[in-house]
Every structure is written in structure tokens, then in C-alpha cells.
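So the chains spell out like this:
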Amino acid sequence: MAHFTKATSVKDWLNQRLAIEKVEKVMASEYWIPKNINFLWAMGMVLAITFGLLLVSGIFLLMYYQPHVDTAFDSVNFTIMREVEFGWLWRHIHGVAASVVFLVIYIHMFTGIYYGSYKKGREMIWISGMLLFVTFSAEAFSGYMLPWGQMSYWAGMVITNIFSLGDLHLDGLVEWIRGDYVPGQAFLNRFFMLHVLLLPLAIVGLIGLHFASLRIPHVNNQDGEEIDFDAEAKKYLSGDKKGSKVIRFANDFMSKDLMVVGIFLIFLFYLVFFHYSFALDPINFDPADGLKTPDHIYPEWYFLWSYEILRPFPVNIGLVAFGFAQVIFMLLPFLDRSPNAVPASRRGLFNIWFWVLLIDMIILTAMGKLPPEGIFSTIGLIAALLFIALWVALPFITKNEKKV
Amino acid sequence: MKNKEPLILAVVIFFSLVTYWLVEPYAHGQMHKHVESQNFAYADLPALTKTGDASRGQELVMGAGACVGCHSIEKAGFASTMDPVDAASAYGVNPPDLSDAGAVYDAKFLAELIKNPAHALKVEHKFDPAAGVMHPMVPFYGAGGDIDQETADMVAYLQSIAVSQADLTPKMAYDNACGRCHALKYENWTQLGDNPSFKEKKDDLAYQVKVLEYQDHLAAYMGKLPPDLSSYYRSRSVDFLKTFIENPQNHLEGTAMPRVGVTAVAAEKVIEHLADAGDTKRHERESVGIKVLGFLVIFAIFAFLWKKQVWRDLH
Amino acid sequence: MHDNSRRGFMGKAFGAVAGIGAVGSLVAMKKSWDPLPSVKAAGFTTLDMSNYKEGVLVTEKWRGKPIFVLKKTAAMLAKQTDSQKARDIVVGGDHYMVAIGLCTHLGCIPAYNAADESFLCACHGGMFDWSGEVTKVPPPRGFDIPPFKIEGNTMVLGEVGPEYQKMKDDGVTL
């Protein structure tokens, strides 16, 4: 039993019982971040804020949403959009933030790839981050089911059909996932459960892991320099703030973060109020009809690159390629055989690899949206093959990389 | 150390905008070909050559024209003779009341409609006299005089009793031009009209059965039930709605939906009513949006000033 | 160092602006919690007063709440006090007790004992008489009377008629 003395203040009382001063130092004022960073380092906080917006807007949607095939559509488009005060606001925030969060996730991911922030002790940061990407993808998919519009239904139909695994014809598995022969009440209710409870819990847990994985290796910096954090912290605390290579998380790093967040929020809310149909797809404003597939069917933009890798091939090959695409990013720390943890600009062939990958994924994204006809399907096929080739080539490119 | 942030920002914005452009404007342009609007000129219909006389028109409408045999004209004291469900059973759809037809529909269109309904409505692919399939509306073959003069008179009469263009509300335009085929759940409208409220559940259910019976007749007549339009303002662009109303064949070749022949003004009001149904809070969204964005600009400025202060002794 | 106090000021100022945003968000959130217009839209129940039997309590429904309707017997009418008369509702020559069937203490439905001509609330033992007045605490006041309008031999609950308005003005019901 620890020794407790009479408290001299509220702060002292809490300190004796919860060590709040120590916690504050460890988590905030003496959590050291490199000074040599740019605004891309703020994407983590931008994601946290966006996730927070999704949670809060989701709470108010949850008050009125009805997870029943007969009433779901109207509970969203009539009750929430017309009857609930500011219901339209929560719906717009939720839909737009769900789309924009993936833009920020991709920026955050590619920042990590560019600066080598997945190497030399930071592999768990990368892996926990990729697990978050997968969980966010599942969360987005399950959420998209809920309005029970035409896209909800047909996305549900198509994505669950993937699990029949082509010629393996695992129809029983597909029916088990759906809880029925086709997406119906059972399907809607269980994806509601996933979206509202299970996946958010998993996300929160993974965010905890992601933050934890940052502590020992510390946040990376623009030059990939290995910093002696203890020495630099000492320099800072002794008064040489200008000379030190590190800054406090709170308030140094946070004040810069919040500035970026401020600008981000202007961008986000401009979209929420004035430019939202990229996120609130018109086709999903038709109620679900199991007897009519829309003329144009496509997933949300952030799934398009992945969708396009599946599309150009015969079903079995396509499924293998698709599976490959989902997993391959996770393996990046182990496929990159070079010891250099520096920005891509200093890594010769890897730099080319990086930009080709980025452009290839944009091409895949575009082709995934376009009708799979003529020149579009040809370009899509080439882009899909290039994607696979890039990842196969990575170990070879990096093995022979000159040590920096 | 050179500040690379402007370049980095430019690169991020560039790739984001390129992706956006490809996925949204470009792709949607590839998926939906643009149709040019005629602005409801109805160029395929002959221009009106005669000036109509409303009082002669009234005689014709009540008499030789035989319009009131099927059409009620509440404003002229001619109530409906048939229950809407029975009318739908007989004609496929309930013939519209003509009180405001003169304001909702284009004059050229009305003149042609009276003489040759299937042609004016652009449903000749379905109602072909040569094949023996007649449109439920009987054409007017003339009352012995100049048929163009007679139709011009009847149109003039309808225009004389109709509400003025300025007084035509979005709801009136919709109910008249679209409401007998398209329900609008979110505005409490079915093909039978505004939903009455009932005290007894029994009466409520009985009314719902009537609506379903009407819809059955309508679906049999049209081939399938015309869709409820409550969310159409969000699921279709204004451009699409305008060119669709102007001529359904523009977007749905071979459709059974007639060209309804509304005036440009009435079409605008119909679309406004659809907006009221499917995007009710649009005005509030815009006004709240301006205020929120204003606040966020201030927020960003204060965040910037705080950052500047904190970083003064860090650089 | 006056830098610190300036930074402190800017930080506090930024915090205040953020606080304004938080308050605005809370206002919007509070409004989202409000009852919906379709709920607030008045519900009406019409009671056909020609079918009630003297001394028999019938429970109707209005806006989801139970409504006690008790047609008073001649014996009851004979012993009516002034305060009981103030609660009396007359329709088509007959006298009724019409009230919201919820105990004014904490909202349970009291049970009617026809032999005793009294109501007993099982939750905390409160009691009311056949006219709706309190005979045993803890209920703080007699049964509340719903807004009503007499139309011929019917009563429309949810609409305000002159008799109800008078009861309200006289403080007979809330």
C-alpha cells in the first residue's frame, strides 16, 4: 500500500492517487517529437479529429436510424433528413467525413512509405496502421449497407459473393455470411451490429496499439535521422529550445497540428454543406430493389483501385490478384530489403518505384469508376499487372540499393 | 533547411484533384451522355395559328368536345363522375381535372393533345391506331368547323379559368402534371391525392387498400408502377429531371411514360416541388453552412496565431 | 518572460474560440434530441359518450396515455362537494369523471376498486376517490384532466373546449 499524506491541493490529491503529473509529462509535455517535420505529420491528428466527427455524428444518426429493410431508407431520408432538427447536418457530416477520412488515410500511408517510417523498429507502427486501414474499410462497407439504397443492396450482394471464391463455389459460406440467400433483414441487422459496435471497438483498440507502437521508436522525421531523444530532450529542458532537435507533443507539436486541423476543417465542411455528391452517391437515393441492378454500379472511390485489380481477370485469377492487393501493403517492411531509412528522394530506384506506384493506383482508381469497356478496360488491365509487377520487383530493387 | 512545405502541399493537392476529376466529373460524363434541353419549345409540335375565343371554347368543352364526359372541371362546377379507382380500372389512370390545365400545360401541346393524344404524348409506340390499340383519350375530330380554330378556342377557355402563372404553386404543378401516376410519400401524396388522416385504424387501412387497387390498375396500364419520386431530386440531377420531363424518350427510350407537355415555368415548379420533397432543408443547409465556414475561418486564424506564438522560441 | 504570457493569452483565446464552436455543436445536438414534429402534432381521440354504464370504469387511450372514463351514479351525484363539482364533466345530460389515468405522484396507473368507489396506486399507496380527488398521500394533486371538447354526444380529447379552458383557468387541472 502506497503512503498517502494529507493533500495540499486538489492537484496534489489527484496526483497521489492517479499520478496525473507524471501521466501528463509522459503523454504530453515530455512526449518528444522531432522538430524536423512538415505538415504531413499532422495527418494523424486530422484522422483522430475526423474519426471523432464520425463518432459524434454517428451517435445522433443512431438515435433515429431503424435497421429494418422496410423502414431503414425512410428513417434516413425522411426522418433524419427532414424531421430531425439538424438531422441533415449529422447525415452530411457522416457521409462526407467517411469519404474524406480515406483521402487522409491514403496521404498518411504514402507519407509513411515515402519517408521510410515503416523500417528500423517502426514495423509495428506500419502493421497496426495497415490493420486500421482494413478495419476502417470494413467499417465503411458495413456503414454503406445501412441506408438500404440501391448501392447498399448491390454492394452487399457483390462483395458477399466474393466469398464464394470463384470455382470453389462456397455458396454455403456466402449464405452464412448473409444469414439468408440474398441480402435481407438478417444481413442488414448484423452489418448494423458490426458498424455500430464491433468494428468501432476494434478501431479504438487498434488506435491504442498504433499509439503504443510509436513510443519506443519515436515519430520519424523528414531526413530519417536517428535522433538521441534523451540528449535532445535534456537540451530542450535546459533552455536551448532553438538548438534542440525535439519539441514537446503538447503544446509545441499540438499547436502546429491544430493549425493544420483548422484548415482541414474548412475544406471538410465546405464539402459537407456545398459539395457532397461524391460522398452521398445519387444512386443510393433509390430504395433497394433486389430485382433491378443499377445501370452503373461502382464502389466508393477509395475501394476503386482494389476493385479494378479484381475486374480485368477471369474470376479465379481475379480473386487471387484481389487477395494479393489486400495483403501486400502489410508486407512492405519485409519486402523492402534496403537498410536505408531515409526519404525516397535519396533512394534512387525506390523513388521511381514510389511515384510509379502512386500514379498506378490513381489510374486503377479512375479505371475502376469508368465503364469496363474498350480502352478503359485495356488501361485497367495494364495498370493491374503493373501493380503486381511493382510489388514483385520491390525486393529486387531494394536489395541492390546503395547504402546512404 | 529549405522549407519544402509549399511544394509538398502542391503535390498533395495536385494528385488529389487529378483523382477527383477522373473519378467524378470525367467518369460521370462518360457514364451519362449530356442531353441538350429545348427549353420546352416542343419544336415537333405545330405552332398555334389561330387566336382562341374562350366563350366559344367553353361551349365546345361542355358540348361537342365532350371533354366533361371523362374530365372533371371543379372550377366550372363539373365534379368527378367516377371514383378514381373505378376510373383507373376503366382508363388505366384517373383522367385529370382540367381546372388549371391551361396554366400547367403548353398551349401548343394542349391543342395537339385534343386532336391527337398519342402523338402529343409521344406514346405512339404503344398506342398505334393502325395496330388497333387506341389511347384511352378519344381524339377530337372537329365540331364541323375549322378544327384548328375550335381547338384554339378550347385551349383559350382552359387558360381563362386556370390560375395565373404567378399563382401556380410547386405543389399544384406537381399534383396536376405528375401526381396521378407518381406517388410522393414524403409529401404525404399518393395517386389518389393528399393522404387524409383517419381516427380509426380500420378506415386508414381501407384507404390504403383503395390506393393499392388504383396502383394495380395503373401498373397494368403502364407496364409497371411509376416510381415514387420522393428522393428523385437527390438521385437525379436537375439537368436530367428537366430534359426527362421535356421528353421522357430522351433518357428512357421506349418508355410508357407520356411527354406531359408542361410549360417551362410549370416544369421549374415541378422540380421545385421535388426539391421540397427530397431536399427539404436545402435553404437551411446553405445558411448554416455559410455561418459554420465563417466560424471555421476564425478558428483557423486563431489556431495559426497560437502556433506562431508557441513556435517563436522553437525555430 | 512576457513571451510566456503572450503565448498563454493566445492559447486561451484559441481555446475560447474552440469553446464557442463546442457550444454551437451542443446547441445543435440538443435540438436533434427534441421530439419530432410528427410526434408533437396533436393526437386526437374521440369518445362516443353514449355507451358508458354507470359506475363502471372504462379505460380509453389518448396520446399513448390511459384515460379513465367513469359515468357517475345518482348516489355519487347526490354527495358531490363543491370541489368535486368543479371536476364534473357533463355530456348529453350525464355526468362523468374523465381524467388521465396516471397517478400525479410518479406516473403509475392506479387500480379502481368498484366496491369502494376508489383508486389505489400500487406504487406508493396513494389513493383517489371516484371524482379524481386525492384521498391519501403521496400524490400531490387530483388526476389531471386532458384537454377536451364536447361535440354533441362525443368528447374529443386533445382539443380545447370552453369547459376545459374554465377548469384550467380555475386551477382544477394543470
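Going by the structure above, here's the rest.
About the thresholds
- Residues numbered from 1 in each chain as written.
- Chains lettered and ligands numbered in written order.
- Predicted model: local features only at pLDDT ≥ 70, side-chain atom pairs only at ≥ 80, totals over all residues.
- Heavy atoms only, no water.
- Contact = heavy atoms within 4.5 Å.
- Buried area = accessible area lost by both parts, 1.4 Å probe.
- Salt bridge = Lys/Arg side-chain N within 4 Å of Asp/Glu carboxyl O.
- Polar contact = N/O pair within 3.5 Å; in protein donor to acceptor, adjacent residues only side chain to side chain.
- Phe/Tyr/Trp six-rings, centres within 6.5 Å; stacked < 30°, edge-to-face > 60°.
- Buried < 20%, exposed > 50% of the residue type's maximum accessible area, 1.4 Å probe, protein only.
- Lys NZ or Arg CZ within 6 Å of the ring centre and 35° of its normal.
- Helix = DSSP H or I, 4+ residues; strand = E, 2+ residues; numbered from the N terminus.
- Pairing = 2+ DSSP bridges.
- Axes fitted to C-alpha atoms, helices over the stretch in contact; angles between N-to-C directions.

1. Considering the interface of chain A and chain B
- Tallying the contact residues gives 59 residues for chain A and 55 residues for chain B.
- Buried area between chain A and chain B, summed over both chains or domains, comes out near 5200 Å², and the portion from carbon and sulfur atoms is 69%.
- Inspection of the chain A/chain B interface yields six salt bridges.
- As a salt-bridge pair, A:Asp286 and B:Arg236 come within 2.8 Å of each other at their nearest N and O atoms.
- For the pair chain A and chain B, the interface holds 21 residue pairs in polar contact (both at pLDDT 80 or more).

2. Let's talk about the packing of aromatic side chains
- Inspection of every chain in the model, using the stated rule, returns 59 aromatic pairs over all chains.
- Plain terms: the ring middles of A:Phe86 and A:Trp88 are 6.3 Å apart, the flat faces sit at 40 degrees to each other, and that makes the pair tilted. A single burial state applies to A:Phe86 and to A:Trp88, both of which are buried.
- A cation over a ring is seen here: A:Arg215 above A:Tyr31, with NZ or CZ 4.4 Å from the ring centre.
- We note B:Lys126 situated over the ring of B:Tyr221; from NZ or CZ to the ring centre the distance is 4.5 Å.

3. Some remarks on the environment of A:Tyr153
Residue and element names in this part refer to chain A.
- Positionally, Tyr 153 belongs in helix 7 (residues 150-162).
- What makes Tyr 153 buried here is its relative accessible area of 7%.
- Through-space distance from the C-alpha of Tyr 153 to that of Asp 289 is 7.5 Å; in sequence the pair is 136 residues apart.
- The residues contacting Tyr 153, other than those within four sequence positions of it, are Trp 148, Val 182, Pro 183, Ala 288 and Gly 290.

4. Observations regarding the sheet that holds strand 9 (residues 134-136) of chain C
Residues and elements named next belong to chain C.
- Strands sit in the order 6-7-8-9 across an open sheet of four strands; the sheet is antiparallel. Since the sheet does not close on itself, it has two edges, and those belong to strand 6 (111-113) and strand 9, each with one partner. With direction set aside, neighbouring strand axes in the sheet form an average angle of 35 degrees.
- Note: strand 8 (residues 127-129) against strand 9, two bridges, orientation antiparallel. Within the sheet, the bridge partner assigned to Met 127 lies in strand 9 and is Lys 136.

5. Regarding unusual backbone geometry
- In this structure, A:Asn251 follows A:Ala250 across a cis peptide bond, with omega equal to 5 degrees.
- Within the element layout of this structure, A:Asn251 appears in helix 11 (residues 249-274).
- Omega for the peptide link from C:Val137 to C:Pro138 comes to 25 degrees, which places this bond in the cis form.
- Positionally, C:Pro138 belongs in the loop between strand 9 and strand 10 (148-151).
- Even without a glycine there, the phi angle at A:His218 is positive, about 65 degrees.
- Of note, A:His218 is situated in the loop between helix 9 (185-215) and helix 10 (229-237).
- A residue is classified by how much of its surface remains accessible, and A:His218, at 19% relative accessible area, is buried.
- Of note in this structure, B:Tyr42 is not a glycine but carries a positive phi near 50 degrees.
- Note on placement: B:Tyr42 falls in the loop between helix 1 (5-31) and helix 2 (54-62).
- Classification of B:Tyr42 as buried rests on a relative accessible area of 2%.

6. What to know about the pattern of salt bridges
- Under the counting rule described, the total for this entry stands at 35 salt bridges over all chains.
- The partner of A:Arg82 in a salt bridge is B:Glu187, and the shortest N-O contact between them spans 2.8 Å. Of this pair, A:Arg82 sits in helix 4 (residues 72-83) while B:Glu187 is found in the loop between helix 8 (170-177) and strand 1 (189-190), placing the two residues in two different chains.
- Given a relative accessible area of 18%, A:Arg82 falls into the buried group.
- Residue classification places B:Glu187 among the partly exposed positions, given a relative accessible area of 25%.
- A salt bridge links A:Glu232 to A:Lys235, with the shortest nitrogen-to-oxygen separation between them at 3.6 Å. On the criterion of helical spacing, the pair formed by A:Glu232 and A:Lys235 is a turn pair, its members being three residues apart in helix 10.
- Each of A:Lys119, A:Asp336, A:Arg347 and A:Glu401 takes part in salt bridges that share partners, so that together they form one network.

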